[in-house]
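Chains, contacts and geometry: an overview
Here's the letter readout for the chains.
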Amino acid sequence: MKTAICPGSFDPITLGHLNIIERASHIFDRVVVCVAANASKTSPMFTVEEKVEMVRIAVKDLPNVSVEVNTGLLAEFARRYEGSVLIKGLRAASDFDYEFQMDLINKRINPALETMFLTADQRYTFLSSSIVREMAHYGAELSGLVPEEIIGLIEGKANIKRR
Ligand code: PNS
């Protein structure tokens, strides 16, 4: 069984992430969305439990997609799925520079691990979790940026953080 691992912070999941996950689900037998619990990002907006809940809601109609939390190195996590490959989305050349570095460090840890890149859908090349967090902070419209079903969760969290 060919497994794709779609890793990320998902703080929160965006329609850009979901587009990559869905396209990977058409190519691979199984997709594991790997939510990083200890990503080095400072002050995340959401807890890991909230991130996982939002990802689960977002992928609920994709039967070969599951969601897991990773508390360690991604390259070690990938060992759980024999022959798996990492899938990353590329929005711009600047993404590639970072992802190239990540691939090299991941290969030092797990030499068998390959990373494959899917180019972002042009509708989402501007989109990132940080843009969504910023929009939510200012109470801006989130429709078209994140799955409709999680907009209420994001707005609720933004309201709490604003207080
Ligand atoms: O959505 P992001 O923030 O681009 O995702 C980055 C992520 C979470 C995939 C990456 O930071 C990660 O896998 N972190 C786990 C720790 C790790 O393996 N780091 C690379 C070796 S130093």
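These remarks concern the structure in this document. (Residues numbered from 1 in each chain as written. Predicted model: local features only at pLDDT ≥ 70, side-chain atom pairs only at ≥ 80, totals over all residues. Heavy atoms only, no water.)

Helix and strand content of the chain: six helices and five strands. Starting at the N terminus and ending at the C terminus, the chain contains elements arranged as β-α-β-α-β-α-β-α-β-α-α. Against the compact-globule benchmark of 15 Å for 163 residues, the chain has a radius of gyration of 15 Å, which places it among compact chains. The C-alpha extent of the chain, read off along each of the three principal axes, is 45 × 30 × 30 Å. A separation threshold of at least 6 residues defines the contact pool for the chain, and within that pool the share at least 24 residues apart is 75%. Within the structure as shown, the chain displays about 9000 Å² of accessible surface, and the carbon and sulfur contribution to it stands at 54%. Positive and negative side-chain charges of the chain, numbering 19 and 21 respectively, have mean locations separated by a distance of 4 Å. (Helix = DSSP H or I, 4+ residues; strand = E, 2+ residues; numbered from the N terminus. Rg over C-alpha atoms; globule rule 2.2 N^0.38 Å. Contact = heavy atoms within 4.5 Å. Areas by Shrake-Rupley, 256 points an atom, 1.4 Å probe, with all protein chains shown as cover. Lys, Arg positive; Asp, Glu negative; His and termini not counted. Charge placed at Lys NZ, Arg CZ, Asp CG, Glu CD.)

The next thing to look at is helix 4 (residues 93-109). Between its first and last C-alpha, helix 4 extends 25 Å over 17 residues, near the 24 Å set by a 1.5 Å rise per residue. Of the surrounding secondary structure, the elements contacted by the buried residues of helix 4 are helix 3 (74-77), strand 4 (85-90) and strand 5 (114-119). (Expected span 1.5 Å × (residues − 1).)

Attention now goes to the packing of helix 5 (residues 129-137) against helix 6 (residues 151-162). For any two helices packed against each other, the geometry comes down to the angle between their axes and how far apart the axes lie. Taken N-terminus to C-terminus, the directions of helix 5 and helix 6 make an angle of 65°; their axes are 9 Å apart at the nearest point. Note that helix 5 runs across helix 6; the crossing there is right-handed. Together, Val132, Ala136 and His137 of helix 5 and Ile154, Ala158 and Arg162 of helix 6 make up the contact between the two elements. Of the residues that constitute the contact of helix 5 with helix 6, the class distribution is four nonpolar, one polar and one charged. (Axes fitted to C-alpha atoms, helices over the stretch in contact; angles between N-to-C directions. Left-handed = near helix turned anticlockwise from the far one by under 90°. Nonpolar A, V, L, I, M, F, W, Y, C, P; charged D, E, K, R; others polar.)

Okay, unusual backbone geometry next. Look at the link from aspartate 11 to proline 12: it is a cis peptide, with omega at 5°. Structurally, proline 12 can be placed in the loop between strand 1 (3-8) and helix 1 (15-27). One non-glycine residue, phenylalanine 10, lies in positive phi territory at about 50°. As for its placement among the helices and strands, phenylalanine 10 is situated in the loop between strand 1 and helix 1. Overall, the relative accessible area of 3% leaves phenylalanine 10 in the buried class. (Buried < 20%, exposed > 50% of the residue type's maximum accessible area, 1.4 Å probe, protein only.)

The next point concerns the nonpolar core. Among the nonpolar cores identified, the biggest contains 37 residues, and Ile21, Ile87 and Ile154 are the most heavily contacted of them. Secondary-structure elements contributing two or more residues to this core are strand 1, helix 1, strand 2 (30-36), helix 2 (48-58), strand 3 (65-70), strand 4, helix 5 and helix 6. Apart from the residues lying within four places of it in its own chain, the contact partners of isoleucine 21 are Cys6, Phe10, Ile13, Val31, Val33, Val59, Leu62 and Val65. Judged by nonpolar contacts, the second largest core, of 10 residues, contains Ile5, Phe77, Leu86 and Leu113. (Core = buried A, V, L, I, M, F, W, Y, C linked by side-chain atoms within 4.5 Å.)

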